[in-house]
Amino acid sequence: MLGMSLAAFTNFHVLLSLVGIVAGLIAAFAMLNAKLPPKLTGLFLLTTALTDITGFMFPMPFDPAFVVGIIDLAAIAIACMALYGGRLKGASRWLYVVSALFALYLNCFVLVVQSFQKVAFLHQFAPTGKEPAFAAVQGVLLVLFIGLGVAALRRFRPLATAAPA
């Protein structure tokens, strides 16, 4: 895959995902101050899209992870259209906030799933992903993102409505 071994490709995919999550979280919290950090926002959107695209390249059958990737890629496309096409004017502002935060939530959701599957300390609490500990963490994540989304919708009104360069 892209001339890499499966292990190297997996590491590349994980790196893209983590960079996207960190950049997305910083950009999301900037929204609470009506800020749009152009380079960080672009990095978030690009690395999140690349995470989805590289996820489709793994030699796996079509499964729920593919569905999440398709939904996430659609959310990123909407965010890009609202930001770069709609320039955050009118409905584009809330479309951007909702789609960008939804895409970020999906990536954090997958991070939690992968963490419970791959990190031994967490895996002991939810070996099948159906245990109360796993559900509790995912529930807290969902509540946090709903709160962040409501706050961002109320506060994100950037002074300059031009899309980042």
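Everything numeric here is computed off the predicted structure, so don't read it as measured data.

Inspection of the secondary structure puts aspartate 52 in helix α2 (residues 38-55). One buried charged residue, aspartate 52, remains without a salt bridge, the closest side chain of opposite sign being lysine 118 at 16 Å. Once you skip the residues sitting within four places of it in the chain, aspartate 52 turns out to touch Gly69, Asp72, Leu73 and Asn107.

What follows concerns the packing of α2 against helix α4 (residues 91-118). Two elements in contact, α2 and α4, have axes whose closest approach is 11 Å; the angle formed by their N-to-C orientations is 50 degrees. The angle between the axes of α2 and α4 places the two elements in the oblique class. As α2 packs across α4, the resulting crossing turns out to be left-handed. Across the interface between the two elements, Thr41, Phe44, Thr48, Thr51 and Asp52 of α2 pack against Tyr96, Ala100, Leu104 and Asn107 of α4. For the contact of α2 with α4, the class distribution of residues is 4 nonpolar, 4 polar and 1 charged.

In this model, helix α1 (residues 6-31) (26 residues) spans 37 Å end to end at C-alpha, consistent with the 38 Å of a helix rising 1.5 Å per residue. The set of residues buried in α1 consists of Phe9, His13, Leu16, Ser17, Gly20, Ile21, Ala23, Gly24, Ala27, Ala28, Ala30 and Met31. Close packing links the buried residues of α1 with α2, α4 and α6 (132-155).

Enumeration according to the criterion identifies 0 disulfides in this entry. Between cysteine 80, a cysteine without a disulfide, and cysteine 108, which holds the nearest cysteine sulfur, the sulfur-to-sulfur distance is 17 Å. The class for cysteine 108 is buried, based on a relative accessible area of 7%.

Between α1 and α4, the shortest axis-to-axis distance is 10 Å and the interhelical angle comes to 140 degrees. Considering the angle they form, α1 stands oblique to α4. Of the two possible hands of crossing, α1 and α4 adopt the one that is left-handed. Contacts between α1 and α4 involve Leu18, Gly20, Ile21, Gly24, Leu25, Ala28 and Met31 on the former and, on the latter, Tyr96, Val97, Ala100, Leu101, Leu104, Asn107, Cys108 and Leu111. For the contact of α1 with α4, a count of residues per class yields 12 nonpolar, 3 polar and no charged.

Take histidine 13: it is sitting in helix α1. Here histidine 13 falls in the buried class, since its relative accessible area comes to 16%. Non-local contacts of histidine 13, meaning those with residues more than four positions away in its chain, are made with Thr51, Thr54, Gly55 and Phe58.

Conventions and cut-offs
- Residues numbered from 1 in each chain as written.
- Predicted model: local features only at pLDDT ≥ 70, side-chain atom pairs only at ≥ 80, totals over all residues.
- Heavy atoms only, no water.
- Helix = DSSP H or I, 4+ residues; strand = E, 2+ residues; numbered from the N terminus.
- Buried < 20%, exposed > 50% of the residue type's maximum accessible area, 1.4 Å probe, protein only.
- Lys, Arg positive; Asp, Glu negative; His and termini not counted.
- Salt bridge = Lys/Arg side-chain N within 4 Å of Asp/Glu carboxyl O.
- Contact = heavy atoms within 4.5 Å.
- Axes fitted to C-alpha atoms, helices over the stretch in contact; angles between N-to-C directions.
- Parallel < 35°, antiparallel > 145°, perpendicular 65-115°, else oblique.
- Left-handed = near helix turned anticlockwise from the far one by under 90°.
- Nonpolar A, V, L, I, M, F, W, Y, C, P; charged D, E, K, R; others polar.
- Expected span 1.5 Å × (residues − 1).
- Disulfide = S-S within 2.5 Å.

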